[in-house]
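The primary structure of each chain is shown beneath.
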Amino acid sequence: MKTRDLTDLAVRNLREALFRNALTTLGVAVGVASLVAMLSLGVGLQQLASKRLSQSGLFDTIFVTPKNNFRGMGRPQREVQPDKPPRALDEDARKEIEKLPNVIEVYPQVRFFTEVRFNNKPYATVVAGMPDSATNSGSFDGMQGRFFSSPTANEAILQVEFAKDLSEKPNSLVGQELILRYAERQALTSNATNAPGSPGEPSGGFSVVPRELRLKIVGVVETEPAAGYGGYGNARLIMPLETAATLRAAQVNDLRDIVRDSSTHKATYPSLSVRAKSPSYVEALEASIKTLGFNTFSLLDASKSLRTFFSVFDLLLGIFGSLALAVATLGIVNTLVMAILERHREIGILKALGAADSDVQQLFFVEAGVMGFSGGILGVLFGWLLGRALTFGTNIYLHRQNLNPIELSSVPWWLVLSALAFAVLVSLAAGLYPASRAAKLNPVDALRYE
């Protein structure tokens, strides 16, 4: 039997029992819709998480720290090199790392604990410097106010919880001023410490001098864009990085240098952030930085764990979504088995006219495939509409909570093709038994069937 004749006959048979076949097709559509809606939810959440992390610069950022090679800390002798102290993470090191290929920028982590005075009241907090490139991170989306006017401005952005400590109406703080009290590090000379050496020679020690700086509050942000390396020292007051660096505020690494008995008199950094041109360059850059004598850390391993989590999440959603499609296959089996009982005489006439068993099988397979394909198209459409409805309802709720809208679901092209292919394959599998049963009918018995 020709393919065209087979297709025309299958379509005619489907039209004769239109209502029953339409219900069966609708069952397939519901199953596919549930599958597409659940998988689109998983894909949408994965894209949302990846987008936010990509905007934050975490995937293309390397955190560089000095090697913790302390003396007398009980480490094995092969790890401790008394004749070769660990390299200092200073400005020379920053410039050297900045010259490495595929590096966009290298900036220090300036972070210190200090006191803020507002309305003549003291408030203890952690201050962090933020580079100008942070405007593209997405951390400041929805911020009340604005970002810094220049990299050297005496301005501050407050984290909302800290702003609530200063005022019952955090947004009213924008435009006001506060006083930042900090301890400035000043290197000591040999004259100041009565140490041997020529006059004015740096001694390696330092003193701290109290300073004050007036900062204008230009914004209030709900997120914590300066959570720090490993979440250490969540900063609640953010200022331009260049301004924070010029303060020469005493930091934790200053005490670390004294413990190490460091011979360098240069200011060092507790850590550096290195931004690569692309996440694909991160691994090679980490290897290059390690050869310079520093420790490195990136979030590539965390991103791999995130992809694993979403893969398992998508699998579970797909399994639950397939349950409705499995129920729909029973409807296809029932419809085609009933068609065999109603079309005994038709099958007998086809065989009497010379139709082979394979032709009868193909006829039922085509009918099952048409129902599966039609149900798949409707299912993809219904699933997309259901995903849009979930996104719309979620954004209404987020709007009432004064939060930014999100894209909760996503239906990529591969999901559409996979859903259609899966619907057709499941339908063909459902038509396997009815098709085999119809092909085995004896034409004489089929013609006698009433």
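Not measured: the values here are computed from a predicted model.

A. Structural detail: the overall build of the protein chain. Along the protein chain, the regular secondary structure elements total 14 helices and 11 strands. Split into buried and exposed, the 450 residues of the protein chain put 42% on the buried side. Taking contacts inside the protein chain between residues at least 6 apart in sequence as the whole, the part at least 24 apart equals 77%. Of the roughly 24,300 Å² of accessible surface on the protein chain, 58% is carried by carbon and sulfur atoms.

B. Highlighting the packing of aromatic side chains. Following the criterion strictly, the structure yields 2 aromatic pairs and no others. Judged by centre distance (4.8 Å) and plane angle (50°), the ring pair of Phe147 and Phe148 falls under tilted. Each member of the pair, Phe147 as well as Phe148, is classed as buried.

C. Quick look at the sheet that holds strand S11 (residues 294-298). In spatial order, the strands read S2-S10-S1-S11; together these 4 strands make up an open sheet with antiparallel pairing. Only two strands of the sheet have a single neighbouring strand rather than two, namely strand S2 (103-108) and S11. Each adjacent strand pair in this sheet contributes to an overall mean axis angle of 25°, direction not counted. With 5 bridges joining them, S2 and strand S10 (residues 272-276) adopt antiparallel strand pairing. If you follow Val103 over to S10, its bridge partner there is Ala276. Helix H3 (residues 91-98) contacts strand S1 (61-66), S2, S10 and S11 of the sheet and is inclined by roughly 165° relative to S2. Where helix H8 (residues 282-291) meets the sheet, its contacts fall on S1, S2, S10 and S11, and the angle it forms with S11 comes to roughly 165°.

D. Local environment of the pattern of salt bridges. Tallying each qualifying case throughout the model produces 12 salt bridges. A salt bridge links Arg275 to Glu105; the shortest N-O distance between them is 3.5 Å. With Arg275 in strand S10 and Glu105 in strand S2, the pair connects residues that are 170 residues apart, well separated along the chain. For Glu105, a relative accessible area of 19% translates into the label buried. A salt bridge links Lys164 to Glu161; the nearest nitrogen and oxygen atoms lie 3.9 Å apart. With Lys164 and Glu161 both in helix H4 (residues 160-166) and 3 residues apart, this pair spans about one turn of that helix. A residue is classified by how much of its surface remains accessible, and Lys164, at 45% relative accessible area, is partly exposed. Among the residues examined, Glu161 registers a relative accessible area of 42% and is labelled partly exposed.

E. Local environment of unusual backbone geometry. For Asn102, which is not glycine, the phi dihedral falls at a positive 65°. By secondary structure assignment, the location of Asn102 is in the loop between H3 and S2. Since its relative accessible area comes to 25%, Asn102 is described here as partly exposed. Although it is not a glycine, Asn119 adopts a positive phi angle of roughly 55°. Structurally, Asn119 is set in the loop between strand S3 (111-118) and strand S4 (121-130). For Asn119, a relative accessible area of 55% puts it in the exposed group.

F. Representation of the packing of helix H11 (residues 357-400) against helix H12 (residues 413-430) within the structure. Between H11 and H12, whose axes approach to 8 Å, the crossing angle comes to 150°. It follows that H11 is roughly antiparallel to H12 by the angle criterion. Judged by the twist between their axes, the crossing of H11 over H12 is right-handed. Of H12, the residues touching H11 (which contributes Phe365, Ala368, Gly369, Gly372, Phe373, Gly376, Ile377 and Val380) are Val416, Ala419, Leu420, Ala423, Val424, Ser427 and Leu428. Its residues placed into classes, the contact of H11 with H12 shows 11 nonpolar, 4 polar and no charged.

G. Focus on the environment of Val30. Here Val30 is to be found in helix H2 (residues 18-56). Taking relative accessible area as the criterion, Val30 reaches 47% and is therefore assigned partly exposed. Val30 sits 345 residues away from Gly375 along the chain, and the two C-alpha atoms are 7.9 Å apart.

H. Looking closely at the environment of Asp359. With respect to the element layout, Asp359 can be found in helix H11. Assessed through its relative accessible area of 13%, Asp359 is described here as buried.

I. Structural view of the nonpolar core. Core analysis: the largest hydrophobic core is formed by 27 residues, its most contacted members being Leu158, Leu166, Leu178, Leu180, Leu215, Leu237 and Met239. For this core, the secondary structure elements donating two or more residues are S3, S4, strand S6 (155-159), H4, strand S7 (177-189), strand S8 (202-221), strand S9 (237-240) and helix H6 (241-246). Beyond its immediate sequence surroundings of up to four residues, Met239 is in contact with Val127, Ala128, Gly129, Met130, Phe148, Glu155, Leu180, Leu213, Leu215, Ala244 and Leu247. In terms of nonpolar packing, the next biggest core, distinct from the first, is built from 17 residues, Val103, Tyr269, Leu272 and Phe294 among them.

J. View of the pairing of S3. Note: S3 against S4, 8 bridges, orientation antiparallel. What sits directly across from Arg111, in S4, is Ala128.

K. Seen up close, H3. Among the residues making up H3, those that are buried are Ala93, Arg94 and Ile97. Along the axis of H3, the buried positions cluster into a sector of 100°, meaning they face one direction only. Buried residues belonging to H3 abut S1, S2, S10, H8 and S11. The N-capping residue of H3, defined by a side-chain oxygen 3.3 Å from the backbone nitrogen of Asp92, is Asp90.

Reading guide: rules and limits
- For every chain, the first residue of the written sequence is number 1, and numbering continues from 1 along that sequence.
- Side-chain atom pairs in this predicted model are given and counted only at pLDDT of 80 or more, local residue features only at pLDDT of at least 70, and totals for whole chains, interfaces and linings cover all residues.
- Side-chain metrics rest on all non-hydrogen atoms present in the structure, leaving aside hydrogens and water.
- Under the scheme used here, helices are H or I runs from DSSP no shorter than 4 residues and strands are E runs no shorter than 2 residues, and both carry numbers assigned from the N terminus.
- Working definition: with a 1.4 Å probe on protein chains only, accessible area under 20% of the residue-type maximum means buried, over 50% means exposed, and in between means partly exposed.
- Here, two residues are considered to be in contact whenever any of their heavy atoms come within 4.5 Å of each other.
- Surface exposure here means Shrake-Rupley accessible area, sampled with a 1.4 Å probe, where a residue is shielded only by the protein chains that are shown.
- Ring geometry is summarised as follows: Phe, Tyr and Trp rings, the Trp one being its six-membered ring, pair when their centres sit within 6.5 Å, and such pairs are stacked at plane angles under 30 degrees, edge-to-face over 60 and tilted between the two.
- Here a strand pair is declared whenever DSSP counts at least two bridges between the two strands.
- Fitted lines through C-alpha atoms give the axes, limited to the stretch in contact for helices. The angle between two N-to-C directions lies from 0 to 180 degrees.
- Every case where a carboxyl oxygen of Asp or Glu lies within 4 Å of a side-chain nitrogen of Lys or Arg is listed as a salt bridge.
- By the definition adopted for this analysis, an angle is roughly parallel if under 35 degrees, roughly antiparallel if over 145, roughly perpendicular if from 65 to 115, and oblique otherwise.
- When the near helix sits turned anticlockwise from the far one by under a right angle, the crossing is termed left-handed; a clockwise turn instead gives a right-handed crossing.
- Put simply, Ala, Val, Leu, Ile, Met, Phe, Trp, Tyr, Cys and Pro go in the nonpolar bin, Asp, Glu, Lys and Arg in the charged bin, and everything else, Gly too, in the polar bin.
- Grouping buried Ala, Val, Leu, Ile, Met, Phe, Trp, Tyr and Cys residues that are joined through side-chain atoms within 4.5 Å yields what is termed a nonpolar core.
- Each C-beta atom gives one direction from the helix axis, and the arc is the one those directions make.
- By the criterion applied in these results, polar contacts are pairs of N or O atoms within 3.5 Å in which, for protein atoms, one can donate a hydrogen and the other can accept it, and in which residues neighboring in sequence qualify only through two side-chain atoms.

These values are about where atoms sit, not about what they do.
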